[in-house]
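Structural characterization, general
What follows is the residue order along each chain.
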Amino acid sequence: MDPTDRLIDYVRNENYGNLDKPTQRSLKTAVRDIIACTVAGTQAPAAGIAGHVVRAQWGKGRSTVFLDSEGLSPSGAAFVNAVMANALDLDDGHRLVKGHPGAVIFPAVLAAAEEREASGAEFLDALLAAYEAGIRAGILAHRLRPEYHCTGSWGAIGAAAGVGKLLGLQTEQMSHAMGIAEYHSTYSPMMRCIDKPSMVKDGIGWGSMTGIASAYLAEQGFTGIPSLFSFPEARELLEDLGARYRVKELYYKPHACCRWAQPAVEALRKLKAEHSFAPSDVSGLVIHTFTESARLQHTTPKNTEEAQYHLFFPAACYLVYGEVGPREVLHRLDDPAVLQMLEKCSVVVEDELNAVFPAKALSWVEIRLSDGRVLKSETCQAAGDFDYPLSEEELRAKYFRLCEPLIGHERASRLLDVIERLEELDNIRSLTGLLTNA
């Protein structure tokens, strides 16, 4: 079978109800985490700007915008919610795509599910297919393209596939939808955003909007190029569709910063657990890491985006406050204790850590203390990787930590109950009704 047809056949026939329990649990975990990240992301300056511009340019509709009283068109809601989902850099990721599938896929599939009054089971079917198509598109894109391109460049393909499933697109229409999405997607030079952090971040908002709009265009007869999956290199990646579920390989982030900075935070966590010292005792911190991580920001962050794409700021926050959450990247940019710690930080690039990237993102740290001691950590990967996972208790704690400050414990608990029963919902609006402030 032609690779594109193989993928489309999978997308059109995927069914959440046929999955084994561990795979169902993995998808529910992904839904819970991306909803919490989106709720928390409503606080970010980028979220307010996105909402204001979309209302002025695209108009209102019936698709939910998280924690807002007014809905937008499906494409508009997908854009704004996707900006929120990634605004604090807490959302899921996959090592081999070097990006964030959930933030670009979930908002598009959710908006289309609302517009079509889909059931919870139909939503899960489409979301699962979108994850599987999108992650494979990301792996393939990085094999075929010499530069490192952002999530929006491949995530839009997964979003188009998931939305196309909800719209009931036929084989030819689905092929056009993915081709339109790829052609119109954010084929963006990601490392330039690492060097100069900004609100464009991973191209996620535009990628989500592109994905959903592409499916609607294809439904009406708009045509696109042959998709990324038409390349011969796609064949091997698609052989395990329906057998190997990439959604089970997602990582979940405990800290509100770039994943490349998080191995160092994990190393600091272990040193703090093993040794007794206060932040004031630290006279120097050296982070030993890989090249891409070392390219993260070093200078004093001026905004939330620079704080997230920073190598030293997360480490300094963790040493001073024991966490790197929304409060740190939104409100502690000029904290004197954190800024003082930044001045003590330096970085060394290690060849052996470069050799295993991107399959592994590893770092180790050494801390010099004022009493003369030098503490060296083991080599660490970031907590939350699929082979170094957060516990169920830690994932639930993250959900409540992000949701409770904005919607309260009672509403967060009701929302979690609905997430756990998604396949039983007659209409996805039973979920989204808890996400609006109407």
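This write-up is about the structure you can find in this document.

Reading the values: rules and limits
- Residues numbered from 1 in each chain as written.
- Predicted model: local features only at pLDDT ≥ 70, side-chain atom pairs only at ≥ 80, totals over all residues.
- Heavy atoms only, no water.
- Disulfide = S-S within 2.5 Å.
- Buried < 20%, exposed > 50% of the residue type's maximum accessible area, 1.4 Å probe, protein only.
- 1 Å grid on protein atoms, 1.4 Å probe; cavity = no way out; pocket = protein on both sides within 12 Å on 5 of 7 lines; lining within 4 Å.
- Points joined across faces, edges and corners; volume = space filled by probe spheres on them.
- Nonpolar A, V, L, I, M, F, W, Y, C, P; charged D, E, K, R; others polar.
- Helix = DSSP H or I, 4+ residues; strand = E, 2+ residues; numbered from the N terminus.
- Contact = heavy atoms within 4.5 Å.
- Core = buried A, V, L, I, M, F, W, Y, C linked by side-chain atoms within 4.5 Å.
- Phe/Tyr/Trp six-rings, centres within 6.5 Å; stacked < 30°, edge-to-face > 60°.
- Lys NZ or Arg CZ within 6 Å of the ring centre and 35° of its normal.

Our focus in this paragraph is the state of the cysteines. Evaluation of the coordinates by the stated rule reveals zero disulfides. Unpaired in this structure, Cys 258 has its nearest cysteine sulfur neighbour in Cys 257, at a distance of 7.2 Å. The exposure class of Cys 258 is buried, given its relative accessible area of 8%.

In this section: empty space enclosed by the protein. Enumeration over the complete set of coordinates arrives at one cavity of 30 Å³ or more. The calculated volume of the largest cavity comes to roughly 150 Å³. Residue lining of the largest cavity: 17 residues in total, with Lys 98, His 100, Tyr 148, Cys 258 and Trp 260 positioned closest to the centre. In terms of residue class, the lining of the largest cavity is built from seven nonpolar, three polar and seven charged.

Attention shifts here to the environment of Arg 246. Note that Arg 246 resides in the loop between helix H11 (234–238) and helix H12 (262–274). For Arg 246, a relative accessible area of 6% corresponds to the buried category. Residues Arg 246 and Leu 339 lie 93 residues apart in sequence; the distance between their C-alpha atoms is 40 Å. Once you skip the residues sitting within four places of it in the chain, Arg 246 turns out to touch His 94, Leu 96, Glu 132, Ile 135, Arg 136, Ile 139, Leu 237 and Asp 240.

In this structure, His 100 sits in the loop between helix H4 (74–86) and helix H5 (101–115). Residue His 100 is classed as buried on the basis of its relative accessible area of 8%.

The next point concerns the environment of Ala 160. Take Ala 160: it is sitting in helix H7 (residues 151–167). Linking Ala 160 and Ile 180, residues 20 residues apart in sequence, is a C-alpha distance of 8.7 Å. Contacts of Ala 160, omitting those with residues within four sequence positions, involve Met 174, Ala 177, Met 178, Ala 181, Gly 211, Ser 214 and Ala 215.

Next up on the list: the nonpolar core. The biggest cluster of nonpolar side chains holds 159 residues, and the ones touching the most others in it are Ile 35, Phe 123, Ile 367 and Leu 431. In terms of residue count, helix H6 (residues 120–144) provides more of this core than any other element does, 14 residues in total. When residues no more than four places from it in sequence are discounted, the contact partners of Ile 367 are Leu 268, Leu 271, Phe 277, Val 282, Gly 284, Leu 285, Leu 319, Arg 373, Val 374 and Leu 375.

As a further point, take the packing of aromatic side chains. Applying the stated criterion to the full structure yields eight aromatic pairs. Pairing Trp 58 with Trp 206 gives two aromatic rings, centres 6.5 Å apart and planes at 55°, and the pair type is tilted. A residue pair is termed long-range when its members are at least 10 positions apart, and Trp 58 in helix H3 (residues 45–58) and Trp 206 in helix H10 (residues 204–219) qualify at 148 residues. Here Trp 260 and Phe 357 contribute two aromatic rings whose centre-to-centre distance is 5.7 Å and whose plane-to-plane angle is 80°, an arrangement assigned as edge-to-face. Note that Trp 260 is positioned in the loop between H11 and H12 and Phe 357 in the loop between helix H18 (351–354) and strand S4 (362–369), a separation of 97 residues in sequence. Look at Trp 260 and you get buried, because its relative accessible area is 5%. Every member of this aromatic cluster is reached through a ring pair, and the members are Trp 58, Phe 79 and Trp 206. One residue, Arg 259, lies across the ring of Tyr 251, its end atom 4.2 Å from the ring centre. One residue, Lys 272, lies across the ring of Tyr 318, its end atom 5.2 Å from the ring centre.

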